[in-house]
Amino acid sequence: MASTQTSATPAPASESLERGQLGLFGVIMPGLAQVAPAFNLFFTTGLIVAFAGPSAPLIFLISMVGMVATASSLAQFSGVYPSAGSFITYITKAIGTKVAVAIGVITILGYIIAFGGIYIFVGQYIVQNVLGDPHIWGITQIVTILYGALVVAPVIVGLKFGVRVTVALYVFEGVLLLALSLTILARGGAHGLSATPFQWPGGSKDVLLAFSLAVLAFGGFEAAAPLAEETRNPRRNVPLAVMGAVLVSGIIYVIGSYALVTAFGAERAGALAADPNPFHTAAHAFIPFVAPLITWVFLSSVTSSYVAANTQTSRVIFAGARGGLWTHALAAVTPRFRTPAAAAIAFVAPSILIGVVSTAFTDPGTASGFLSTYGILGLVIMYLVANVALIVDWARLRRRGVRKNPWLWVVVPVIGVAVLAIPVWGDLRPGQASPFNTLPWLTIALIAAGIIYALVLARLRPRALEQAPALLEGGDGEDPAPDRLTVPG
């Protein structure tokens, strides 16, 4: 059971975020950007086609509907408990601080590992596609470190500045993606428009793997939730932003993947799957002047995603530190910019280190794929527990006489859990080649790390667990917390 809401001394100015900086547009952009639609369309669509044939648009469409269920769960929570702690706060209120601490550690470690893989991938991409692949020892590692410093800088300088950077990059990414996709569709692609991409792919045993990739492509949609304390009217705007990030991204995925399949022709799905850069091929065929910009669309997509991810995760780390769940030094905000700079650096630095060190054991391509797959499981575990926590909180509030919609608070989370089981199976299924065959054991180790940390914290600092619920919530400066709601008559 969750701890009872207690009064807590307001956080000092050195541990308070600046409130009311963002409206609906500002708070939805980090979620849209962190999903990184161009990145996923460029590198995920071909893999989905390899597993499910030309039905990639249908796979994305069904996955969007499924991920809306998890987005709805986080939206319900964010409308009741607006907090920089995001999922840590939600799980604390519903299930208890020990579980929340364990999931927080699992999720943050997962993010660090996953982004470490993407950092080294981006470093290699820049070396090959921007610098012309010079054969200089250590160049990929140096570029990776410099890139990491670049994407954390806007997060430190200020929330509004970081959001403006995110908006500018996302607009560039989105406009070019939609322009290319709509042009291909308007010209009928290779052999005219077809309904084939929206037909079920048949009896392929790999269809679930395709769904796994599509579901994971929505990862990061929840980036708006940790910005609640810095958002105007967070109980309204944050839930809208969380849901909007999934819906808008899903629409882009469906249109973009349909355009890509159409550009190659539904009957030539094999050629699409084998193409290492299918969007470049499609652009060269239908809008030649856009083809040289594909590299920059990718870099724009992944950079805006990083800025958004660093923004949201630094808030989660900050809120956890403010709640006493890890070192209090990470709860500080800079006097000038009012941003959790220490938390941001604490997230980015180990991520870059993991990415760079991984190249001592394997090539950047293998390191990227393995680290990203492994790390994203930490995020999926958080989504799963958040869905379960909403059901538990529904029952908890119901016992106190507070009625919540059972469809949104019970049925929809169950759907979310069912959908998320797909990528869990896809990543942990037996019979995978090395090093992916180690993922089940590594996932157990990741979960164990979270549980052990929570148990040790409970033993050494039990008072931190008692005080955490009040300190985590932070408050929105407007409405009373739900534990103080008047029970309806």
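Up top is the structure these notes are about.
Residues numbered from 1 in each chain as written. Predicted model: local features only at pLDDT ≥ 70, side-chain atom pairs only at ≥ 80, totals over all residues. Heavy atoms only, no water.

**Q** Break down the packing of helix H1 (residues 24-35) against helix H9 (residues 234-264) for me, with residues and values.
**A** A pair of packed helices is captured by two measures, namely the crossing angle of their axes and the spacing between those axes. Closest axis-to-axis distance for the H1/H9 pair is 8 Å, and the angle between their directions is 40°. If you check the angle between H1 and H9, you find them oblique. Remark: the crossing between H1 and H9 carries right-handed chirality. On H9, the residues that touch Leu 24, Val 27, Ile 28, Gly 31, Leu 32 and Val 35 of H1 are Asn 237, Val 238, Leu 240, Ala 241, Gly 244, Ala 245, Val 248, Ser 249 and Tyr 253. (Axes fitted to C-alpha atoms, helices over the stretch in contact; angles between N-to-C directions. Helix = DSSP H or I, 4+ residues; strand = E, 2+ residues; numbered from the N terminus. Parallel < 35°, antiparallel > 145°, perpendicular 65-115°, else oblique. Left-handed = near helix turned anticlockwise from the far one by under 90°. Contact = heavy atoms within 4.5 Å.)

**Q** I'd like a description of the environment of Ala 190, backed by residues and values.
**A** Here Ala 190 shows up in the loop between helix H7 (159-186) and helix H8 (207-216). For Ala 190, a relative accessible area of 35% puts it in the partly exposed group. Once the C-alpha coordinates of Ala 190 and Gly 162 are considered, the two residues, 28 residues apart in sequence, prove to be 40 Å apart. When residues no more than four places from it in sequence are discounted, the contact partners of Ala 190 are Thr 262, Ala 263, Phe 264, Gly 265 and Phe 286. (Buried < 20%, exposed > 50% of the residue type's maximum accessible area, 1.4 Å probe, protein only.)

**Q** Explain the nonpolar core residue by residue, including any values.
**A** For soluble globular proteins, the rule of thumb is that nonpolar side chains tend to be buried together. Phe 42, Val 122, Phe 221, Phe 298, Tyr 306 and Trp 326 are the most contacted members of the largest nonpolar core, which totals 151 residues. The greatest single-element share of this core, amounting to 18 residues, is contributed by helix H5 (residues 97-129). Discounting residues that sit within four places of it in the chain, Trp 326 has contacts with Ile 88, Val 105, Ile 108, Val 316, Ile 317, Gly 320, Ala 321, Tyr 453 and Arg 461. (Core = buried A, V, L, I, M, F, W, Y, C linked by side-chain atoms within 4.5 Å.)

**Q** Please set out the environment of Val 388 residue by residue, giving values where relevant.
**A** Relative to the helices and strands, Val 388 resides in helix H14 (residues 364-399). Counting along the chain gives 26 residues from Val 388 to Val 414, while the straight-line C-alpha distance between them is 7.7 Å.

**Q** How would you summarise unusual backbone geometry if you had to cite specific residues and measurements?
**A** In the segment running from Ser 434 into Pro 435, the intervening peptide bond is cis, with an omega of 5°. Topologically, Pro 435 is positioned in the loop between helix H15 (406-428) and helix H16 (439-460). With a phi close to 50°, Asn 233 is a non-glycine residue in the positive phi region. Along the chain, Asn 233 falls in the loop between H8 and H9. Judged by its relative accessible area of 32%, Asn 233 is partly exposed.

**Q** Help me get a handle on the packing of aromatic side chains, residues and values and all.
**A** Tallied over the full model, the rule gives 28 aromatic pairs. Judged by centre distance (5.7 Å) and plane angle (75°), the rings of Phe 370 and Phe 436 are edge-to-face. In this pair, Phe 370 sits in helix H14 while Phe 436 sits in the loop between H15 and H16, placing the two residues 66 residues apart along the sequence. When its relative accessible area of 24% is taken as the criterion, Phe 436 is described as partly exposed. These aromatic residues form a ring-pair network of at least three members: Phe 39, Phe 42, Phe 43, Phe 121, Tyr 125, Phe 279 and Phe 298. (Phe/Tyr/Trp six-rings, centres within 6.5 Å; stacked < 30°, edge-to-face > 60°.)

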